[in-house]
Amino acid sequence: MKRFGIKAYYAKMVLWISIAILLIITALSAVVYINTQKLLVKNEYASNQKILFQVKYNMAFMDDTISSLCKSLYLNSDVGAVMYAAQENMVDVANRLNKVTSSITSTNPYIHSITIYNRNLDQTYNAGSPVFFEDQLLDTLYHSEQLPPKMKPIFRNIGKLVNRESKPEHVFSYMMYETSTDGLKPEGVIVINVRSEWLLDNIRLINMIDKRKGDNIFLLDQSGEYLADGTSDNGMMQWLKSDLADYKATHQDAGADGFFESKHGGTPYLVTYSSIESAGMTLLKTQPVLEVYRSIASLRTSIIVITLIALILAFFISILISRRIYRPFGNLVNAIRRDRPRGAGENEVVDEISYLNNVYRQSMEELELFYKEKHDNKDVMRHYWLSRLLDERFTISRDELLVLFKEMRISLSPEASHAVCMLKIDNYKEFQQAFSAKDKEMFRFALLNIASEIVARTYPNEGIDMKEDHVLLIVSLPEQDGAYPSELVTLLTEAQENFSRFFKVTFTASISDKTDTLSGLHSLYNQTLDQAMYRLHLGHGSIITHARIRKNAESKKSGYSKELEEWLVETIKSGNVAAMKEVLANLFGEMETLNYHNALVSIIRLVDTAIEALEDAKIPAAPSLQIASIGRHILEKETMAEIHRIIRGGLQDSINKEPAENTDTLNSFVVDAVTEYIHNNYQDLSLSMPSIASMMKISSRNLSKIYKEATNLSIPDMINGVRLTKAAELLIQEDLSVYEVVQKVGFTNETYFFSLFKKKYKVTPKEYALQRNVNKIN
């Protein structure tokens, strides 16, 4: 065992506890820092909104005042007289304008000028400075389809002449006019121009307060243009306008007031915006994000210092905690190392947990091996004594028998009567070809378990695997139970249904008479063997009792009638297929009444007679009726119904007077050929149902149907079954990797092979090989 340091696992505990505490503190610090950032941004937004709300209030106040002034002027009699006069009287106009101007400018010093337009005279009158100019708003009103807004501030530069030079003059203009339903232009218009200096100076003053921080305030009018005096950064203004539009386009839930972060010239800014709905304007305030976060720089430093201090404390705390936790653990490791001898594989251990895991695994393997040997030995002895019960020379005293049954946990009662049930697997030739020896053992084990559990509901019983094609149940019967055969028939029928449903394999059952002594079990076993031969008469899946075959067993007839045989010969020679089928059915009907041996002899006699009749008629015999194939295709069949179909099909194919109604003979050849081909070519990567069908000149659909009906297996399942069986053998017998085995047995997809193998054997290929090799060693 490698020296895993003084306390390797102890060091790991210290490290991991320290890391855990550090991660927790770091996470909490990050949460505090992020939440502080968010809170600071919200507070800064609230502060910015207060500033913007002050500007909004001033603008709203101006808007309300000027709107009221517009309405009062529009209704003023002096203004009305000038606006709607039919003839021009300059003296009257001057007096009225002076009167209006003096009353307004005295109370509203921020009024720049007033313009009155008389459409009747097409004359514009100005009160205030400048006195004469061409107003563009009036041109827009009368010469454009889109009317300028009424009583809404319109920011514009009206200009003024100073020493014959035009100087900028920025004002907010409010228009008042009446529109008619017929779409005619108004007869008169009044325009009030308000000085913009007080509002722009207000914004400029706010900008100067925060200028050192990089803050700026901007104002957008109804058309999205800036209200500015030309002193601002045009690049920043265009970026801000564009980003505001993008933000509102991408955030459908953005309200009239809000904020967002954006970058300009590589510098991140916090942008706060607020809409002045009454004036149709938008206030914007920009603020560098670094200035916002500057106040938490000290907090970040504090968090880092606290985290470092916490790390140091966590290290010392983890040492104290780990020492307390590790003490009993370390004592256990030292005790095991001191008392346990070194085992194989301990040189690879690197720490205490690995060492304990290795010790535990070795201990469990040794314990499992002990229990397995004990269990296997007990099962072997149990099976031995059950098998001895069937031996005719079995003699043992009653007391010894009771002790033996108790020790071996055999549920039979020496005092009771007993019967023997033989369960014989049907279609055993196909069963042998389809499954490996291990699979066949598993099937017999499952058959015994299913049948034994079902029968045990009524009768105690014990099962014995007789290997090959059958298993036995020794059933204890209560005294005076004369109805046991019918009850066992019912129970075994249920077992047949369950076994067939789960494993797709059928079996024939043979039930013996009963005996009052255990020594009579030998003769009952022989009885079930004799009775099982009558599967030839009763067919697959039958349940055979002495009462059911009594007539056959006691029959004195040695064969079928000579007249029917002669009639069959005549139908063959005459080529009368219909008559041949009828007489053949009568012949098999008679053979079904014979005992097993006479029936078997009669079948051979019937085949010989049919072959001779074909030869006399110079008719070539079909393959199934040729001498070389009789043993393979007729005598190996387990039921008379199968033999009947083969002979009838062979004669019909031989005579060839009408299309064959039954193709069992051909199907038998097809099934055998396909099975043999699969066993010989399972390594071929291209082996598949279409390739086999193409080779045999049969459609894939027909070939699939023929094989499925004959074997209860699809061709792909048969191919995979053979490949898996061969793979299992290679994993045990040869020193090959799983990948090499996959290639050798014809699989192209290793993942698919793993899936099929685990489904069939319940373990992975590596686990299968390991288990089998361990069993060999044991």
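What counts and what doesn't
- Residues numbered from 1 in each chain as written.
- Predicted model: local features only at pLDDT ≥ 70, side-chain atom pairs only at ≥ 80, totals over all residues.
- Heavy atoms only, no water.
- Helix = DSSP H or I, 4+ residues; strand = E, 2+ residues; numbered from the N terminus.
- Contact = heavy atoms within 4.5 Å.
- Areas by Shrake-Rupley, 256 points an atom, 1.4 Å probe, with all protein chains shown as cover.
- pLDDT = per-residue confidence, 0-100.
- Pairing = 2+ DSSP bridges.
- Axes fitted to C-alpha atoms, helices over the stretch in contact; angles between N-to-C directions.
- Buried < 20%, exposed > 50% of the residue type's maximum accessible area, 1.4 Å probe, protein only.
- Parallel < 35°, antiparallel > 145°, perpendicular 65-115°, else oblique.
- Left-handed = near helix turned anticlockwise from the far one by under 90°.
- Nonpolar A, V, L, I, M, F, W, Y, C, P; charged D, E, K, R; others polar.

K.L.:
Describe the overall build of the chain, and please don't skip the residues or the numbers.
P.N.:
What the chain contains, in helices and strands, is 28 helices and 16 strands. Pairs at least 24 residues apart make up 64% of the contacts formed inside the chain by residues separated by at least 6 positions. When the accessible area of the chain is evaluated, it comes to approximately 42100 Å², of which 55% is carbon and sulfur surface.

K.L.:
Please set out the confidence of the model for the chain residue by residue, giving values where relevant.
P.N.:
Close reading of the predicted structure is inappropriate where its pLDDT is low. Summing up the model confidence of the chain, the mean pLDDT is 79 and the portion of residues at 70 or higher is 84%. Within the chain, the element-level pLDDT minimum falls on strand E4 (residues 160-162), averaging 62, and the maximum on strand E16 (residues 543-545), averaging 93. Between residues 1-6, whose pLDDT stays under 50, and residues either more than four places distant or in other chains, the model counts 17 contacts. In the predicted structure, residues 657-662 sits below a pLDDT of 50 and forms 14 contacts with residues beyond four places in sequence or in another chain.

K.L.:
Can you explain the sheet that holds strand E13 (residues 461-465)? Please cite residues and give values.
P.N.:
The strand order E13-E14-E12-E15-E16 describes an open sheet built from 5 strands, whose pairing is mixed. Unpaired on one side and paired on the other, E13 and E16 mark the two borders of the sheet. Across the sheet, the mean angle from the axis of one strand to that of its neighbour is 20°, orientation sign disregarded. Examined bridge by bridge, strand E12 (residues 417-425) and strand E14 (residues 470-477) share 8 bridges and lie antiparallel to one another.

K.L.:
Help me get a handle on the pairing of strand E1 (residues 111-118), residues and values and all.
P.N.:
When you tally the buried positions in E1, you get 8 out of 8 residues, the bulk of the element. Alignment of E1 against strand E7 (residues 188-195), held across 7 bridges, turns out to be antiparallel. In the sheet register, tyrosine 117 faces E7, and the bridge partner there is valine 189. If you look at the hairpin formed by E1 and strand E2 (residues 123-128), you'll find 4 residues sitting between the two strands, and aspartate 122 has a positive phi there, around 50°.

K.L.:
So, the packing of helix H18 (residues 577-591) against helix H21 (residues 640-655): which residues are in play, and what are the values?
P.N.:
Look at H18 against H21: their axes get within 11 Å of each other, and the N-to-C directions meet at 155°. When the axes of H18 and H21 are compared, the pair comes out roughly antiparallel. The crossing of H18 and H21 is right-handed. Facing Val577, Met580, Lys581, Leu584, Ala585, Phe588 and Met591 of H18, the residues of H21 in contact are Met640, Ile643, His644, Ile647, Arg648, Leu651, Gln652 and Ile655. In terms of residue class, the contact of H18 with H21 is built from 11 nonpolar, 2 polar and 2 charged.

K.L.:
So what's going on with the sheet that holds strand E11 (residues 281-288)? Residues and values would help.
P.N.:
Overall, antiparallel pairing links the 4 strands, which are arranged E8-E11-E10-E9 in an open sheet. Looking at the sheet topology across the chains shown, the edges are occupied by strand E8 (216-220) and strand E9 (257-264). Each strand of the sheet is rotated relative to its neighbour by a mean of 25°, with strand direction disregarded. As judged from the 5 bridges shared by E8 and E11, these two strands associate in the antiparallel manner. Residue pairing for E11: leucine 220 is matched across the bridge by threonine 282. Across the face of the sheet, helix H1 (residues 8-75) comes into contact with E8, E9, strand E10 (267-276) and E11 while running at roughly 40° to E10. Along the sheet face, helix H6 (residues 234-250) touches E8, E9, E10 and E11 and points at about 125° away from the line of E9.

K.L.:
Describe the packing of helix H12 (residues 437-456) against helix H13 (residues 484-503), listing the residues and the values that go with them.
P.N.:
Contact geometry of H12 with H13 gives a least axis separation of 9 Å together with a crossing angle of 140°. In this view, H12 runs oblique relative to H13, as classed from their interaxial angle. Considering the relative orientation of H12 and H13, their crossing is right-handed. Here Met442, Phe443, Ala446, Leu447, Ile450, Ala451, Ile454 and Val455 of H12 lie close against H13, whose contacting residues are Leu488, Leu491, Leu492, Glu494, Ala495, Asn498, Phe499 and Phe503.

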